[in-house]
Amino acid sequence: MSGTEFGAGEMDESFLSAYLDGELDAVARAALDARLAESPDWRAELAALRTVRDAVRSLPLVDAPPGFWDRVLAPEDVVDLAAARRGRVWVSRWRALAGAAAAAAVMGVVFVPRPEPVQPAFAKITQSHAERASLGNDVVTNLAGAVVPVGIEP
Amino acid sequence: MVDGIPTWEEVAREHGSFLYRVAYRLAGNHDDAQDLVQEALLRVRKGLERYEPGSLEGWLARIVTNVFLDDVRRRKRRPADAFPDDPDRVLPESPSAEASSSELSQEVQDALAALPTEFRVPVVLCDVADQSYEQIAAALDIPLGTVRSRIHRGRRLLRDALTDREGFE
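Residues numbered from 1 in each chain as written. Chains lettered and ligands numbered in written order. Predicted model: local features only at pLDDT ≥ 70, side-chain atom pairs only at ≥ 80, totals over all residues. Heavy atoms only, no water.

## Some words on the overall build of chain B
Moving on, step 1. Of regular secondary structure, chain B possesses 7 helices and 0 strands.
Moving on, step 2. Taken from the N to the C terminus, the helices and strands of chain B come in the order α-α-α-α-α-α-α.
Moving on, step 3. Taken over 169 residues, chain B has a buried fraction of 51%.
Moving on, step 4. For chain B, contacts bridging at least 24 residues in sequence account for 65% of all contacts bridging at least 6.
Moving on, step 5. Summing over all exposed atoms, chain B offers an accessible surface of approximately 8,200 Å²; the carbon and sulfur share of this is 46%. (Helix = DSSP H or I, 4+ residues; strand = E, 2+ residues; numbered from the N terminus. Buried < 20%, exposed > 50% of the residue type's maximum accessible area, 1.4 Å probe, protein only. Contact = heavy atoms within 4.5 Å. Areas by Shrake-Rupley, 256 points an atom, 1.4 Å probe, with all protein chains shown as cover.)

Written out as C-alpha cells, the structure is:
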C-alpha cells in the first residue's frame, strides 16, 4: 500500500489494521510508529485489533465431512449445485445430460408424427375394379364386387 | 500438470482443503460450504484453460468468493433462502469460567458469521485465505483504501462482539 497516498496527518485508525498486516510501506509505517509512540489509545487499539486478528487466524482448520471429496473426485461426478441444494442429491451433470437425452428420445417416440397406418379399402378397390371390368365385359372380374374378403375389414 | 497449469483433479486434491476452509468461513456452515466448493470447482474446471500460472490459491479464493457473493445476491432476491445459522454449531449451555479453546473458536466463528458480508469477505480473504490487500482489491473490484477500511471495520465489529466473552481479551 502506498505510503504517499495518505499523509501521516490524514491517518485514521484503519491504518492500524494495514500496519498489522504489513500492508504499509516504509514511509507510512514510520509515520504510524510515531503516532503509536505518542498515543496510548492507538496502542490499545492496535493491541485489541491484533487479538482479534490472531483469533481469526488461529481458527481451527476445518475440512469437509467424510465422503465429500470422494464424491467430488469420483469420475465425472461433478455435482449439480441446484440439485444438491434441493435435496442434497448428488447428481452428475453428465448423468443429468444423459437423462435429458433419454427423455428427449422418449418424447420423440411419443410425439414425432408418424404416417397413418395404411388401411386399404379393399371393398372399394374391388368394387372399382369390378366397375372397370364390367365396362370391358370381363365376366370373371365382374363378379368381384360381390365378394366379401374374409378377414379384411373394409 | 501441463505447462504449469494443473488439472482439475490436481486442484481439487491439492487445494481442496484450502478452498473448503475459505468457503466454510465465508458461509458459516458445512452445507453451504459444500455447495460453494462444488460450484467453485465447476468454475475452476471451466476456467482452467484461461488460468495463468501464478498464485493458484489467490485464483481459487477469488473464484469461491465470487461464488459466495453470487449466492448472497441470489438469496437476497429470495429471502427464504438466506444463509441459515450453522446447524453444526453447539453453543455452550452457560458461560464457563474456563472457556475451552473450542468454545472460543466457535464464538469467533459465530461472530465472523454474523458480520455483514461486506466486512466478512475481506476479513476472511485476509485472515483465512492469506490474501494481500492488493489481491483482495482485485478480487472484489474495490479500491485498496476500501479494502483497508473494511478489514478494519470488520475487525472492530468482531472485537465488539467478542469483548465480553470469556477467554477473550
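## A word on the confidence of the model for chain A
Moving on, step 1. On average, residues of chain A carry a pLDDT of 69, and 42% of them reach 70 or more.
Moving on, step 2. Residue range residues 144-149 of chain A is modelled with pLDDT below 50. Its contacts to residues more than four positions away, or to other chains, number 5 contacts. (pLDDT = per-residue confidence, 0-100.)

## What to know about the interface of chain A and chain B
Moving on, step 1. With 40 residues of chain A at the contact, the number on the chain B side is 44 residues.
Moving on, step 2. The contact between chain A and chain B buries some 3,900 Å² in all, and 62% of this surface belongs to carbon and sulfur atoms.
Moving on, step 3. A salt bridge links B:Arg156 to A:Glu45, with the shortest nitrogen-to-oxygen separation between them at 3.5 Å.
Moving on, step 4. Taken together, chain A and chain B are joined by 13 residue pairs in polar contact (both at pLDDT 80 or more).
Moving on, step 5. Elements with a contribution of two residues or more to the side of chain A that touches chain B: α1 (14-20), α3 (40-57), α4 (68-73), α5 (81-87) and α6 (93-111) of chain A.
Moving on, step 6. Residue composition of the side of chain A that touches chain B, by class: 25 nonpolar, 3 polar and 12 charged. (Buried area = accessible area lost by both parts, 1.4 Å probe. Salt bridge = Lys/Arg side-chain N within 4 Å of Asp/Glu carboxyl O. Polar contact = N/O pair within 3.5 Å; in protein donor to acceptor, adjacent residues only side chain to side chain. Nonpolar A, V, L, I, M, F, W, Y, C, P; charged D, E, K, R; others polar.)

## Observations concerning the pattern of salt bridges
Moving on, step 1. Within the structure shown, the criterion is met by 16 salt bridges over all chains.
Moving on, step 2. The partner of A:Arg57 in a salt bridge is A:Asp21, with the nearest N and O atoms 3.5 Å apart. One end of the pair, A:Arg57, is in helix α3; the other, A:Asp21, is in the loop between α1 and α2 (26-38), and 36 residues separate them in sequence.
Moving on, step 3. Three or more residues are tied together by salt bridges with common partners; here these are A:Asp21, A:Arg53, A:Asp54, A:Arg57, B:Asp127 and B:Arg155.

## Considering the packing of α3(A) against helix α7 (residues 144-162) of chain B
Moving on, step 1. At their nearest, the axes of α3(A) and α7(B) sit 9 Å apart, and the two run at 85° to each other. In terms of axis orientation, α3(A) runs roughly perpendicular to α7(B). Residues A:Glu45, A:Ala48, A:Leu49, A:Val52, A:Arg53, A:Val56 and A:Arg57 of α3(A) form the contact with α7(B), whose participating residues are B:His152, B:Arg155, B:Arg156, B:Leu158 and B:Arg159.
Moving on, step 2. Residues of the contact of α3(A) with α7(B), tallied by class, amount to 5 nonpolar, 1 polar and 6 charged. (Axes fitted to C-alpha atoms, helices over the stretch in contact; angles between N-to-C directions. Parallel < 35°, antiparallel > 145°, perpendicular 65-115°, else oblique.)

## Thoughts on helix α2 (residues 30-47) of chain B
All names here are of chain B.
Moving on, step 1. Its 18 residues give α2 an end-to-end C-alpha distance of 25 Å, which sits within 8% of 26 Å, the value for a rise of 1.5 Å per residue.
Moving on, step 2. The buried fraction of α2 amounts to 14 of the 18 residues, a majority that puts the element mostly inside the structure.
Moving on, step 3. Two or three places before Asp31, at the opening of α2, Asn29 has a side-chain oxygen 3.2 Å from that residue's backbone nitrogen. (Expected span 1.5 Å × (residues − 1).)

## Observations concerning unusual backbone geometry
The phi angle of most residues is negative, glycine excepted, and most peptide bonds adopt the trans form.
All names here are of chain B.
Moving on, step 1. Notably, Asp130 is not glycine yet its phi reads approximately 60°, a positive angle.
Moving on, step 2. For Asp130, the location among the structural elements is in the loop between α5 (117-127) and α6 (133-140).
Moving on, step 3. Phi at Asp141 is positive, roughly 55°, even though this residue is not glycine.
Moving on, step 4. Mapping Asp141 onto the fold places it in the loop between α6 and α7.
Moving on, step 5. Judged by relative accessible area, Asp141 falls into the exposed class, the value being 70%.

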